[in-house]
Amino acid sequence: MSDSIREKITAVLKLSHDLGREERGLAMLGEGNTSCRLDAETFLVKASGTSLANLEENQLVRCRFEALLPLLAAAAMTDEEVAQALLASRVDPTAPKPSVEAVFHAYLLSLPGIEVVGHTHPIAVNQILCAGDGPSRRFAEERRFPDEIVCCGAKSVLVPYVDPGTVLAQRIREETERFVQAENRPPRVILLQNHGFIACGATTGSVLAATLMAEKTARIFVGAAMMNGPTALTPQNVARIDTRPDEHYRQRMLKL
Ligand SMILES: [Zn+2]
């Protein structure tokens, strides 16, 4: 195994353990999954039924992009057909079954600049995403303070609830393509209504930072909703933070 693959395995295991820490309330039991791109043809993704908190190396499955990306264009598939496609995507046929969400991981890791993906079900973020369209849309489209912009980007993708698996992967692609067209860059954060949260980034550090900052923002949003309601930064203020050279310097220093 090459040094660079060894480093990526170590980094994604650490990210998984960081996201799975019980006191953070981001994921419990088998919730959530992580992935990282290994090379142009393959990526690693958490195995089905495993736990982020104590994920082990043999529970990361190496999968081929070319076996999973066609599912983004597939018509309705039965659960059995999806299970077969997931098993057929493994580089090592003795490896465990990849997570059912491996299809959206494959899609996001195929976008430029995205090397790592972390999916969780954070408590405060889900308080908002389970509160209907109004709060969900405000949380996705508005920004409330500068560090939220630095870690989570100036806007997030919002995906309505659909069945987890290939239908969700297809909807994530549709909404992400719309975002890329409008914003001219890939998203840092994707919000799944009545489900959870996805952070995408160039490094495991940027995925962890986006997740922790989004959860902190959600707690502030929910707290502010109990008083006067959350107030948003103006689009001018958001654009200013987003393009300031000192904020870009901070992003580089934090390896975001
Ligand atoms: Zn999920």
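Residues numbered from 1 in each chain as written. Predicted model: local features only at pLDDT ≥ 70, side-chain atom pairs only at ≥ 80, totals over all residues. Heavy atoms only, no water.

A. Examining the pairing of strand 4 (residues 116-120) more closely. Strand 4 sits mainly inside the fold: five of its five residues count as buried. Along strand 4, one buried face is formed by Val-116, Gly-118 and Thr-120 and the opposite face, lined by Val-117 and His-119, is buried too. Two strands pair when backbone bridges link them, and strand 1 (residues 33-37) and strand 4 are joined in this way by four bridges, in the antiparallel orientation. The partner of Asn-33 across the bridge, within strand 4, is His-119. Looking at chain direction, strand 4 and strand 7 (residues 196-201) are connected through five bridges and run antiparallel. Residue Val-116 lies in a different strand from strand 7, and its bridge partner there is Gly-201. (Buried < 20%, exposed > 50% of the residue type's maximum accessible area, 1.4 Å probe, protein only. Helix = DSSP H or I, 4+ residues; strand = E, 2+ residues; numbered from the N terminus. Pairing = 2+ DSSP bridges.)

B. Local environment of the nonpolar core. Counting residues in each nonpolar core, the largest one holds 38 residues, and the members touching the most others are Leu-60, Val-125, Phe-139, Leu-191 and Phe-197. At the level of secondary structure, the elements contributing two or more residues to this core comprise helix 1 (3-20), helix 5 (123-129), helix 6 (133-141), helix 7 (146-152), strand 6 (189-192), strand 7 and helix 9 (204-225). It is helix 9 that provides the largest number of residues to this core, a total of nine residues. Ranked by size, the runner-up nonpolar core spans 34 residues in total, among them Ala-47, Val-103, Tyr-107 and Leu-109. (Core = buried A, V, L, I, M, F, W, Y, C linked by side-chain atoms within 4.5 Å.)

C. Representation of the coordination of the zinc ion in the model. The zinc ion binds to the protein through His-119 (NE2), His-121 (NE2) and His-195 (NE2); the donor distances cover 2.1 Å. Here the donor residues of the zinc ion are spaced in sequence according to H-x1-H-x73-H. Separated by 74 residues along the polypeptide, His-121 in the loop between strand 4 and helix 5 and His-195 in the loop between strand 6 and strand 7 bring together distant segments of the chain. We note that His-121, like His-195, is buried. (Donors = N, O, S within 2.8 Å, 3.2 Å for Na, K, Ca; no water.)

D. Region of interest: the sheet that holds strand 3 (residues 60-64). With mixed pairing, the seven strands of this open sheet are ordered in space as 3-2-1-4-7-6-5. This sheet does not close on itself; its edge strands, each paired only once, are strand 3 and strand 5 (157-159). Across the sheet, the mean angle separating the axes of adjacent strands is 20° when strand polarity is ignored. Against the sheet, helix 1 makes contact with strand 1, strand 2 (42-46), strand 3 and strand 4, and its axis sits at roughly 160° relative to strand 1, the strand it touches most. (Axes fitted to C-alpha atoms, helices over the stretch in contact; angles between N-to-C directions. Contact = heavy atoms within 4.5 Å.)

E. Just the packing of aromatic side chains, in detail. Scanning the model with the defined rule gives two aromatic pairs in all. With 4.9 Å between their ring centres and 40° between their planes, Phe-43 and Phe-65 make a pair best called tilted. Here Phe-43 is found in strand 2, whereas its partner Phe-65 is found in helix 2 (residues 65-68), with 22 residues between them in sequence. Across the pair, Phe-65 and Phe-43 agree in class, each one buried. A centroid spacing of 5.8 Å and a plane angle of 80° characterise the contact between Phe-139 and Phe-221, whose relative ring orientation is edge-to-face. Separated by 82 residues along the polypeptide, Phe-139 in helix 6 and Phe-221 in helix 9 bring together distant segments of the chain. As far as burial versus exposure is concerned, Phe-139 and Phe-221 are alike and both buried. (Phe/Tyr/Trp six-rings, centres within 6.5 Å; stacked < 30°, edge-to-face > 60°.)

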